[in-house]
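# Topology and contacts: notes
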Amino acid sequence: MNSLRILLVGCGRIGTRHAENLKGRVSGATLAGVVDPLDELATNAGRRFRVPSYPDFASALKENDCDAVLIAAPTPSHVELSLAAAEAGRHIFCEKPVSFDPDSIRRVIDVCAAAGVLFQVGFHRRFDPDWSVAAARVHAGDAGSIQFYRASFRDMAPPPPGFLSTSGGLFKDLLIHDLDAARWLVGEIEEVSAFGSPFSEPEFEATGDIASAAVLLRFANGALGALDAGRQAHYGCECSAEIVGANATVRISRSTKTNTEWLSGGLRSVDLLEDLTLLQAPAYASELEQFADAVRAGEPRGAGGADALAAVLVARACEQAVAEGRSVRVDEVEGASL
């Protein structure tokens, strides 16, 4: 297999970013076609990227000779699409979260294993140059035993109300990246305490979602953690972390468009990012390159189904902690056990 032919399902914002990467920024993979139930979106994407377009996934699987499927459709459709792709013998790259339901994720894991197809989840932070370099040194023991983990993840402005209604909420949609990163960098999470607020914003209250959250973590290895996340920071976007070890501390923080500072009149200013996808652009390309390499090698890379399941279980524990006003062990949430 020289170049992995990937069929894209979902031509929205993230799907379009993946399509752009597959049309010239990803070595070892190419865009084989696009699918979207909104015929206009599919047609326009097909014309733009000069690939076949389909309004129906089942037809696309029969007509397109793709090697793999990239699922960037809305979350409620991820399980159905993953199962269909696996049964058709296609390898799968699925955006997070795979599902809001742990048992559904387990079903996807089992079906993919039975079909012998690779299943990778879009936790792109694992492929970000800054984060992956830090992780390599942490895992090599350069920081010593980890004592504390801190992270902030903030958007400048909230997504449209239509997205909020199907996103699964702040913990499963936004903070899930930090929950996965915490497990990846430090280890399994055993217990959480969490607080959330909608700040009386109508769009959040209407969907039962929250605009901001603070989370405390207790890891199985004894380390502690603190996370904060927000949908509307107003000043710009931020994605940062700090890993405190017995021997060293590593900080990951870059939320500026450039590394340039202006100093004038007793003030220092920088140009802050307004869209985190600009910061994450290298990671989006790298995760697909690694997916293609993984398929060729027959060995998984990055996050798989088990990681998706673990992150959703911790997210559900956070939701339960907010609802019940108490610390919640991850193994006590609904769906944690088979």
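Let me sum up the structure you'll find in this document. Residue positions are given per chain, counted from 1 along the sequence in the order it is written. Only residues with pLDDT of 70 or above have their local features reported here, since the model is predicted, and side-chain atom pairs are shown and tallied only from 80 upward, although totals for entire chains, interfaces and linings are computed over all residues. The side-chain figures draw on all heavy atoms in the structure; neither hydrogens nor water molecules are used.

## A short note on the sheet that holds strand E4 (residues 68-71)
One bridge is not enough; two strands pair if DSSP finds at least two bridges between them. Helical segments are the DSSP runs of H or I of at least four residues, strand segments are the runs of E of at least two, and each set is numbered from the N terminus. Pairing within the open sheet is parallel, and its 6 strands lie in the order E3-E2-E1-E4-E5-E6. For this open sheet the edge positions go to strand E3 (53-54) and strand E6 (119-121), each flanked by a neighbour on one side alone. In terms of strand pairing, strand E2 (residues 29-35) meets E3 through 2 bridges, oriented parallel. Its bridge partner being in E3, Val34 is matched across the sheet by Ser53. Where helix H12 (residues 281-297) meets the sheet, it contacts strand E1 (4-9), E2, E4, strand E5 (91-94) and E6, and its direction lies at approximately 160° from that of E5. For this analysis, residues touch if any pair of their heavy atoms sits within 4.5 Å. In this analysis, axes come from line fits to C-alpha atoms, helices being fitted only over the stretch in contact, and the angle between any two N-to-C directions falls in the range 0 to 180 degrees.

## Some points on the nonpolar core
Throughout, nonpolar core names a set of buried Ala, Val, Leu, Ile, Met, Phe, Trp, Tyr and Cys residues whose side chains join them through atoms within 4.5 Å. With a 1.4 Å probe rolled over the protein chains alone, any residue whose accessible area is under 20% of its type maximum counts as buried; one over 50% counts as exposed, and the rest are partly exposed. Tyr149 and Phe171 are the most contacted members of the largest nonpolar core, which totals 80 residues. Ranked by residue count, the leading element in this core is helix H13 (residues 305-324), at 10 residues. Of all hydrophobic cores here, the second largest spans 24 residues; its members include Ala29, Val34, Ala72 and Ala285.

## Quick word on the environment of Gly168
Tracing the sequence through the fold places Gly168 in the loop between helix H7 (161-164) and helix H8 (170-173). Between the C-alpha atom of Gly168 and that of Lys96, which follows or precedes it by 72 residues, the distance is 11 Å. Those residues in contact with Gly168 that sit more than four places away from it in its chain are Phe100 and Glu319.

## Some points on helix H4 (residues 78-87)
In terms of burial, H4 is largely enclosed, as 7 of its 10 residues are buried. Of the residues making up H4, those classed as buried are His78, Val79, Leu81, Ser82, Leu83, Ala85 and Ala86.

## Let's talk about the packing of aromatic side chains
A pair of Phe, Tyr and Trp rings is counted when the ring centres sit within 6.5 Å of each other, with Trp represented by its six-membered ring. The angle between the planes then sorts it: under 30 degrees is stacked, over 60 is edge-to-face, the rest tilted. Tallied over the full model, the rule gives 1 aromatic pair. Between the aromatic rings of Phe93 and Phe291, the centroid separation amounts to 5.7 Å while the plane-to-plane angle is 70°, which identifies the pairing as edge-to-face. Residue Phe93 is found in strand E5, and its partner Phe291 is found in helix H12; the two are separated by 198 residues along the sequence. The exposure classification of Phe93 matches that of Phe291, with both residues buried. To sit over a ring, a charge needs its Lys NZ or Arg CZ within 6 Å of the ring centre and within 35 degrees of the ring normal. The ring of Trp131 is capped by Arg125, whose NZ or CZ atom sits 4.7 Å from the centre of that ring. Over the aromatic face of Phe153 sits the side chain of Arg125, whose NZ or CZ is 4.7 Å from the ring centroid.

## Considering unusual backbone geometry
Following Lys96, the chain continues into Pro97 via a peptide bond in cis, with omega recorded as -20°. Here the phi dihedral of Arg50 falls at roughly 60°; this positive angle occurs in a residue that is not glycine. With respect to the secondary-structure elements, Arg50 resides in the loop between helix H2 (39-49) and E3.

## A closer look at the layout of surface pockets
Only protein atoms enter the 1 Å grid used here, on which a cavity is any set of points holding a 1.4 Å probe that cannot leave and a pocket is any open set flanked by protein within 12 Å on both sides along at least five of seven lines; residues with an atom within 4 Å of a point are listed as lining. Grid points are joined across faces, edges and corners, and a volume is the space filled by probe spheres set on the points. Here the largest pocket is characterised by a volume of approximately 980 Å³. For the largest pocket, the lining is made up of 39 residues, of which Arg13, Ile14, Lys96, Phe163 and Asp173 are closest to its centre. Elements supplying a minimum of two residues to the lining of the largest pocket: helix H1 (13-22) and helix H11 (276-279). If one sorts the elements of the lining of the largest pocket by residue count, H1 sits on top with 3 residues. The nonpolar class holds Ala, Val, Leu, Ile, Met, Phe, Trp, Tyr, Cys and Pro. Asp, Glu, Lys and Arg form the charged class, and all remaining residues, Gly among them, are polar. Across the lining of the largest pocket, the residue classes tally to 18 nonpolar, 12 polar and 9 charged.

## Looking at the sheet that holds strand E12 (residues 249-253)
Spatially, 7 strands are ordered E12-E11-E7-E10-E9-E8-E15 in an open sheet, and the strand pairing comes out mixed. The open sheet is flanked by E12 and strand E15 (328-329), the only strands paired with a single partner. The pairing of strand E8 (residues 189-197) with strand E9 (residues 212-219) spans 8 bridges and is classified as antiparallel. Residue pairing for E9: Glu191 is matched across the bridge by Arg218. In this fold helix H6 (residues 129-139) packs onto strand E7 (146-154), strand E11 (238-245) and E12, with an angle of close to 170° to the strand it touches most, E12. Packing of H13 onto the sheet brings it into contact with E8, E9 and E15, and relative to E8 it is tilted by some 50°.

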